[in-house]
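Structural description and commentary
For reference, the chains in residue letters:
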Amino acid sequence: MPIKILVTAKRVEDYESKIKVNAQGTGIVQEGLKYKINPFDEIGVEEALRLVAKHGGGEVVVVSIGTKDVHEQLRHALAMGATKAIWVNHTGPLDQMTVAGCLQKLIEKEKPHLAILGKQSIDDDQNQVGQYLAEWLGWSQATFASKEESLESEAEKTKQPALKLAADLSTITVVREVDGGLETVECTMPCVVTTDLRLNQPRYASLPGIMKAKSKPIEEHTPASLGVDGASKIAVTKMELPPARKAGIKVPDVAALVDKLKTEAKAL
Amino acid sequence: MSNVLIVVEAQPDGSLRKATLNALTAGAQIAAKTGGELHAVVLAKDAGPLANVVKEYGVKVVHAGSGAHLAQFTADAVAPAVAELAVAIKASYVGVAATQAGRDVMPRIAARLKAAMASEILSVVGSSAADLQFTRPMWAGAVIATVKLSTPIVCFSARTTEFPQAQKAGSGEVRAFTPAAPAKALQKVVSFKEVKSARPALTEARVVVSGGRGTKGDFKPIEGLADELGAAVGASRAVCDAGWQPNDLQVGQTGKVVAPQLYIAAGISGAIQHIAGMKGSKTIVAINKDGEAPIFQVADYGLVGDLFKALPELQAAVKAAK
């Protein structure tokens, strides 16, 4: 049965970026930063593509919220193989409730079977949107989706989806990363899944994929046109660097290390 | 009045998950600043026994919500029960420890309450309800943000390494209640593949010995030293990605955040995502072949060398000193 899946593509700073706070403590220094699709969202796009391939076709709709810059991330997802892109045009601060609200309205319009989101974005690190979305839609939620096989396994090399959908799409079985091990849950459909690191290794976009993505249309909305309050309920009043650790020393050998740990740090 | 409600988490065997005690301290700090009462809620098939444990920890009231539908701590079962209670007791703050279960359920509770949420709070700032703010990490801890949430009810998860565990202090009241069961369960736990280990839990250990890519998958020297020290074993992301060690051992931004007395990182280069998970440790030792590895920037003591040589030597020295 063909399936329709909604995924997200938040624009975030490259995870290797050196993030610095500006002199006023009001934000980060933007200069010289590179931007990418949120890595957890990219894992979500990959999983959606694998599910569609396994279930005999379907659609993957990708959503991003922000200024026109997010077109870059939408095109990235389209180049990977997503079939449709939606841009929610918004400038300024954005909280998780607004994001979940926009996704809820888009899901009510698009009617996908499933939504796969990154468990968190690597800028805010809040880890909330999937859960808000599931509650407001009345859907099940399966957070921190992972798998038992490693990223070096045969299943990964052959790009098998880790999420297991029942043939009639009535349930989805998800392996979750929980404290103390891996938990397997069965959820009713429709479901919001949020991805953890080891769900899959996202593919590179092919050259034809990149060419094709350039000409695909991008549908535009705003929070207001979707009937969602765009005012942020979370105000960041200050940003600062974490307290630095006192500079350490290099020791020449294990004997010196043991001595320091015993006499100075009193850690042994 | 600004009452505070903390959601209690149980371990698989039904006993208290210690992280809850750290969250209770965060809750007590908020209650002290806002003049509210500290409440807790236990949800289980039979919540009574655990509620009787929690009432000892400086809590005014422990609400014991029992029901067959609460046998598993699933978000769709827990969220309505907590949200209804929060409204009934006029809670202005609803919090949980930032464990995997806490991270899973609290945003769903917040959604039900139309409340904004601050995740992984590090401290509570301000002196009254009017100016209460939280600090929390962003960009994998590269930035500490102070945030103010403007919804009538505010939710949070507390990073356990930043709040001490609540101590026993008098005996609170236990109030039983019966949360309504939802029409249909949306999720059920089918199985749990537990990482069994005789070593202490990573987040509770006094000493942690972690291995990275430099181990090439051979954790014998890591485990040997860990056992000599009575330590927990941790790992970097690369190690877990390769399937060399279970994911549950990953220390870092998206894994476990630890703050032991002593953290020994062997063969770990020190990506910011790893450092985010261990830089709160009291003493940090780094052992790495590459003298330029970023891990040395956070280490109190750095040893440039081969872990396969250094760790057995260290193990022998620890043994000899006993």
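Everything below is about the structure shown above.
Residues numbered from 1 in each chain as written. Chains lettered and ligands numbered in written order. Predicted model: local features only at pLDDT ≥ 70, side-chain atom pairs only at ≥ 80, totals over all residues. Heavy atoms only, no water.

Turning our eyes to something else, we now look at the environment of proline 12 of chain B. Residue and element names in this part refer to chain B. With respect to the element layout, proline 12 can be found in the loop between β1 (3-7) and α1 (19-34). For proline 12, a relative accessible area of 64% puts it in the exposed group. In this structure the C-alpha to C-alpha distance between proline 12 and phenylalanine 192, which are 180 residues apart in sequence, comes to 9.7 Å. Those residues in contact with proline 12, other than ones at most four positions away along the chain, are Arg17 and Phe192. (Helix = DSSP H or I, 4+ residues; strand = E, 2+ residues; numbered from the N terminus. Buried < 20%, exposed > 50% of the residue type's maximum accessible area, 1.4 Å probe, protein only. Contact = heavy atoms within 4.5 Å.)

Residue and element names in this part refer to chain A. A cluster of nonpolar side chains, contributed by Leu207, Ile210 and Met211, occupies part of the molecular surface with about 300 Å² of accessible area. Tracing the backbone through its elements, the reader meets methionine 211 in helix α6 (residues 207-215). Judged by its relative accessible area of 49%, methionine 211 falls in the partly exposed class. (Patch = residues over 30% accessible without salt bridge, like charges linked within 9 Å, V, L, I, M, F, W, Y side chains within 5 Å. Areas by Shrake-Rupley, 256 points an atom, 1.4 Å probe, with all protein chains shown as cover. Salt bridge = Lys/Arg side-chain N within 4 Å of Asp/Glu carboxyl O.)

Let's shift gears to the packing of aromatic side chains. Aromatic ring pairs are reported here in terms of the distance separating the ring centres and the angle at which the planes meet. With the rule as written, the count across this model stands at 2 aromatic pairs over all chains. Ring geometry for tyrosine 132 of chain A against tryptophan 136 of chain A: centres 5.4 Å apart, planes inclined by 65 degrees, an arrangement best described as edge-to-face. Of this pair, tyrosine 132 of chain A and tryptophan 136 of chain A are both found in helix α4 (residues 129-137), 4 residues apart, which corresponds to roughly one turn of the helix. Across the pair, tryptophan 136 of chain A and tyrosine 132 of chain A agree in class, each one buried. When the centroid spacing of 5.7 Å and the interplanar angle of 35 degrees are considered together, the rings of phenylalanine 134 of chain B and phenylalanine 156 of chain B count as tilted. Taken together, the residues phenylalanine 134 of chain B in strand β7 (residues 133-138) and phenylalanine 156 of chain B in strand β9 (residues 154-158) connect sequence positions 22 residues apart. Phenylalanine 156 of chain B matches phenylalanine 134 of chain B in its accessibility class, with the two residues each being buried. Stacked on the ring of phenylalanine 296 of chain B, the Lys or Arg lysine 250 of chain A has its end atom at 4.7 Å from the ring centre. (Phe/Tyr/Trp six-rings, centres within 6.5 Å; stacked < 30°, edge-to-face > 60°. Lys NZ or Arg CZ within 6 Å of the ring centre and 35° of its normal.)

Turning to the packing of helix α2 (residues 71-80) of chain A against α6 of chain A, a few remarks are in order. Any two packed helices are characterised by how steeply their axes cross, that is the angle between the axes, and by the distance between the axes. Residue and element names in this part refer to chain A. Closest axis-to-axis distance for the α2/α6 pair is 7 Å, and the angle between their directions is 130 degrees. Here α6 runs oblique to α2, going by the angle between their axes. Two packed elements cross with a definite hand, and for α2 against α6 that hand is right-handed. Of the residues in α6, those in contact with Arg75, Leu78 and Ala79 of α2 are Gly209, Ile210, Ala213 and Lys214. (Axes fitted to C-alpha atoms, helices over the stretch in contact; angles between N-to-C directions. Parallel < 35°, antiparallel > 145°, perpendicular 65-115°, else oblique. Left-handed = near helix turned anticlockwise from the far one by under 90°.)

Turning next to the interface of chain B and chain A. Between chain B and chain A, the residue contacts involve 86 residues of the former and 77 residues of the latter. Carbon and sulfur atoms supply 52% of the area buried between chain B and chain A, which totals about 6,800 Å² over both sides. On inspection of chain B and its partner chain A, the count reaches 8 salt bridges. The residue glutamate 148 of chain A makes a salt bridge to lysine 193 of chain B at a minimum N-O spacing of 3.5 Å. At the junction of chain B and chain A, the tally comes to 54 residue pairs in polar contact (both at pLDDT 80 or more). Of all the elements, helix α4 (residues 100-112) of chain B adds the most residues to the side of chain B that touches chain A, at 9 residues. Counted by class, the side of chain B that touches chain A contains 44 nonpolar, 21 polar and 21 charged residues. (Buried area = accessible area lost by both parts, 1.4 Å probe. Polar contact = N/O pair within 3.5 Å; in protein donor to acceptor, adjacent residues only side chain to side chain. Nonpolar A, V, L, I, M, F, W, Y, C, P; charged D, E, K, R; others polar.)

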